[in-house]
There are 2 protein chains.
Amino acid sequence: MKLSERVAAMQFSPIRKFNPLGFKAEEDGKTVYRLNIGQPDVETPACFMDAIKNFDKKVIAYAESSGVNELLDAIIKYNGLYGIELNRENIIVTNGGSEALSLVFTAIMNPGDAAMMAEPYYTNYSSFLNQANGTIVPITTTAETGYAWADKELLEKSITPNTKALCCISPGNPTGRVLTLDEMKIVGEFAKEHDLWIISDEVYREFAYDDRKVASFGMLPEYADRVILIDSVSKRFSACGARIGCIVSKNRELMDGVLKLAQGRLCSPTLEQVGAAALYNLGPDYFAEAKATYEARRNAAYEEISQIPGVVCQKPGGAFYLMAKLPIESSEDFLMYMLTEFEDKGETVMFTPAEGFYRTPGMGKNEIRIAYVLEADKMRRAAELIKLGIESYKAKKA
Amino acid sequence: MKLSERVAAMQFSPIRKFNPLGFKAEEDGKTVYRLNIGQPDVETPACFMDAIKNFDKKVIAYAESSGVNELLDAIIKYNGLYGIELNRENIIVTNGGSEALSLVFTAIMNPGDAAMMAEPYYTNYSSFLNQANGTIVPITTTAETGYAWADKELLEKSITPNTKALCCISPGNPTGRVLTLDEMKIVGEFAKEHDLWIISDEVYREFAYDDRKVASFGMLPEYADRVILIDSVSKRFSACGARIGCIVSKNRELMDGVLKLAQGRLCSPTLEQVGAAALYNLGPDYFAEAKATYEARRNAAYEEISQIPGVVCQKPGGAFYLMAKLPIESSEDFLMYMLTEFEDKGETVMFTPAEGFYRTPGMGKNEIRIAYVLEADKMRRAAELIKLGIESYKAKKA
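A few points on the structure. (Residues numbered from 1 in each chain as written. Chains lettered and ligands numbered in written order. Predicted model: local features only at pLDDT ≥ 70, side-chain atom pairs only at ≥ 80, totals over all residues. Heavy atoms only, no water.)

### Some thoughts on the packing of helix H5 (residues 96–108) of chain A against helix H9 (residues 252–264) of chain A
Residue and element names in this part refer to chain A.
(1) Moving on: With their axes 9 Å apart at the nearest point, H5 and H9 run at an angle of 115° to one another. With respect to H9, the element H5 is oriented roughly perpendicular. The way H5 lies across H9 gives a crossing that is right-handed. On H9, the residues that touch Leu-103, Thr-106, Ala-107 and Ile-108 of H5 are Leu-254, Val-258 and Leu-261.
(2) Moving on: Counted by class, the contact of H5 with H9 contains six nonpolar, one polar and no charged residues. (Axes fitted to C-alpha atoms, helices over the stretch in contact; angles between N-to-C directions. Helix = DSSP H or I, 4+ residues; strand = E, 2+ residues; numbered from the N terminus. Parallel < 35°, antiparallel > 145°, perpendicular 65-115°, else oblique. Left-handed = near helix turned anticlockwise from the far one by under 90°. Contact = heavy atoms within 4.5 Å. Nonpolar A, V, L, I, M, F, W, Y, C, P; charged D, E, K, R; others polar.)

### Remarks on the pairing of strand S3 (residues 114–119) of chain A
Successive residues of a regular strand alternate their side chains across the two faces of the sheet.
All names here are of chain A.
(1) Moving on: Of all the six residues making up S3, six are buried; the element is thus mostly covered by neighbouring parts of the structure.
(2) Moving on: As paired strands, S3 and strand S4 (residues 135–140) are joined by six bridges and run parallel to one another. Note on S4: the bridge partner recorded for Met-116 is Val-137.
(3) Moving on: Chirality of the crossover, the property in question, places the unit of S3, helix H6 (residues 124–131) and S4 among those that are right-handed.
(4) Moving on: Two elements, S3 and strand S5 (residues 163–169), share four bridges in a ladder whose sense is parallel. Along S5, the bridge assignment pairs Ala-115 with Ala-165. (Buried < 20%, exposed > 50% of the residue type's maximum accessible area, 1.4 Å probe, protein only. Pairing = 2+ DSSP bridges. Right-handed = clockwise from strand over helix to strand, strands pointing away.)

### Comments concerning the sheet that holds strand S4 (residues 135–140) of chain B
Backbone-to-backbone hydrogen bonds pair the strands of a sheet. The strands run either parallel or antiparallel.
Residue and element names in this part refer to chain B.
(1) Moving on: Judged by pairing direction, the sheet is mixed, and its seven strands sit side by side in the order S2-S8-S7-S6-S5-S3-S4 without closing on themselves. The outermost strands of the open sheet, each flanked by one partner alone, are strand S2 (91–94) and S4. Neighbouring strand axes in the sheet, compared pairwise and without regard to direction, differ in orientation by 25° on average.
(2) Moving on: Helix H5 (residues 96–108) rests against S2, strand S3 (114–119), strand S5 (163–169), strand S6 (197–201), strand S7 (227–232) and strand S8 (245–249) of the sheet, and its axis sits at about 155° to S7.
(3) Moving on: Running over the sheet, helix H6 (residues 124–131) touches S3, S4, S5 and S6 and is turned about 145° from S4.

### Brief notes about the environment of Glu-85 of chain B
(1) Moving on: You can see Glu-85 of chain B is positioned in the loop between helix H4 (69–80) and S2.
(2) Moving on: As for Glu-85 of chain B and Met-219 of chain B, which are separated by 134 residues in sequence, their C-alpha atoms are 9.0 Å apart.

### Regarding the pattern of salt bridges
Oppositely charged side chains can pair when the atoms bearing their charge come close.
(1) Moving on: Considering all chains together, one arrives at 52 salt bridges over all chains under this definition.
(2) Moving on: With its nearest N and O atoms 2.7 Å apart, the salt bridge here joins Arg-236 of chain B to Glu-206 of chain B. Here Arg-236 of chain B is found in the loop between S7 and S8, whereas its partner Glu-206 of chain B is found in the loop between S6 and S7, with 30 residues between them in sequence.
(3) Moving on: Two residues, Glu-341 of chain B and Lys-396 of chain B, come together in a salt bridge whose shortest N-O distance is 3.2 Å. Note that Glu-341 of chain B is positioned in the loop between helix H12 (331–340) and strand S10 (347–350) and Lys-396 of chain B in helix H13 (residues 376–397), a separation of 55 residues in sequence.
(4) Moving on: Overall, Lys-396 of chain B belongs to the partly exposed group, its relative accessible area being 48%.
(5) Moving on: A network of salt bridges, in which partner residues are shared, links Asp-210, Arg-212, Glu-295 and Arg-298 of chain A. (Salt bridge = Lys/Arg side-chain N within 4 Å of Asp/Glu carboxyl O.)

This is the structure:
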């Protein structure tokens, strides 16, 4: 009675495994600024709960496996805002972007197959690929170049014979890197040459700051047969707990394969789909407001973090994460210290040690990911706590 | 750009793949009695929606990966009714029983490993195992013996060297077979001798009719280290669309492994967990009422179906399914006929062709599964439609 090798080889989520220590600190009376998880404090638009409260059927019944029509139509309308034309058959609703990725990897990966993606990357990709008996081939990037990776030479250098797909998260988690449409074309050409699937995770689509424009692989019809979009209501609409996402693709064979898997797990929750439909029907005004909110938080977070002595970080272009290299040896050890020993006026801070975001051994040990999901003032205070924490941690170690 | 071998080898769900024909028949103005899917017309208890409507947080946030405490505590209380003592660490909340099974198989199966289970079995087990690169070893049963399988000799004959787990659905889907606690002990001893996990799917736990008692592997502490209970609110509380289930086990290593997977997909939907907590807090009165409802439907369905000339079927002891062997060659072809050609007073009926419930090639071709999920009168009418359908189908074929 052993566990499977894939699970034995897995780690606990670096984003979540310190939660017990965070709860303990709170029980001990500390205030903990939680920058470890992409859980914004932005209110979920009221239309979500309103739609659910108005649901008047007496039986909470199964939905169709590919999603309820009301939600499919709202997703079509939403994508239409960007000139991405879809029909219902191009969409399968999932339990968040997480299940979307699991289903896609299960549908395309044989044991030993690999997906290439820029590291650092959202750590749960390892988990989803591992479950599908696949692996990640890293495209190694650096903070110094702003985590740039859409470069033909770099891509050619990274690909392996068993690479079957290329994963792209843009705007990026954890780097905040935003691909332009021209960069997407470079990636698209590379994928075409090597006959790769393009899995494009666009859950932060609108969160592209400064003068950056919304860009999507869905806007490039020349790659439509190989493009698989991953989406979710979690970030765009601050509805992480709704667990509604979707897979969008015009490749019929892929969608048939995914549908078989989706039928096996029956459906996504019916009520949440009704709420999510209301969210997807929100228009550009909502996106502009949300973007402005996070841009202000980014500005506050970056301004403070980048001024901490010895910290290396780049101003992220999108999403709501910031990678920072700290003047310490182990960010895991530092986080333990912050949660168990440190406090300033009864407050401390959580972040994510970044080692789990790298595939290449040894990388990321002294880096952290910060989610700028709290109000600007709180972000400033959280950054101050990191600064004070580094000082006292170094003093203790010295 | 091919799909994975496991997905290419999969079939569309036999329970769901005829849905488009069913919708078409309805669009053409026919009334379709849907006995193909375990979707009862019983009202979801009002406490479910009430709890959700009373949810007053402004942000629909992620829950903990293992579930919200309110729900964990309600699951503990519910199991306590049967003398099954649990604590929060023994439970992980999932997206329905479906995800519970997927996570468990992913956690214990290496490629090539097998789980043994009585056939006919709920067809989605193939799907979940396939995704985990595992297979099913069938314990072949027959209608003539009431699908009995908890027999040491039969189990010894069926096991293979790569069998790692034994799956038990009791009360059974699709056969309605209910194991007694003594039969569970036979299975438990066998599993112990061969060092197998016991995966016990108890989503129909209370639906054991006549003089049968509720029995659970959770009541047998001598096997606690190898028992994994699968549960769900779908059937017991007629809340299929809520997609809330759970994994229950006292094996710490297993729960740690499952938690790693659960962290990867973040959490089950927050609101639905709040609603599900209210459901699990319902007491024995509710279960008695629900059981009486389905028992009456079973009686009606069995009475009518068993009287159709040439039909072989046994009175099911539990759950809400009935297997029937029809006097035709192909139940798939017959269902196509029922949905596209047949009608009586503008009405027809859907059921599930049972071939997909068998692992052994050639079995089940002329069998169907009927879900007795509609009111007794409707079940009688649906049975009449099957009878009329068989007559006109045979006349057409002759």
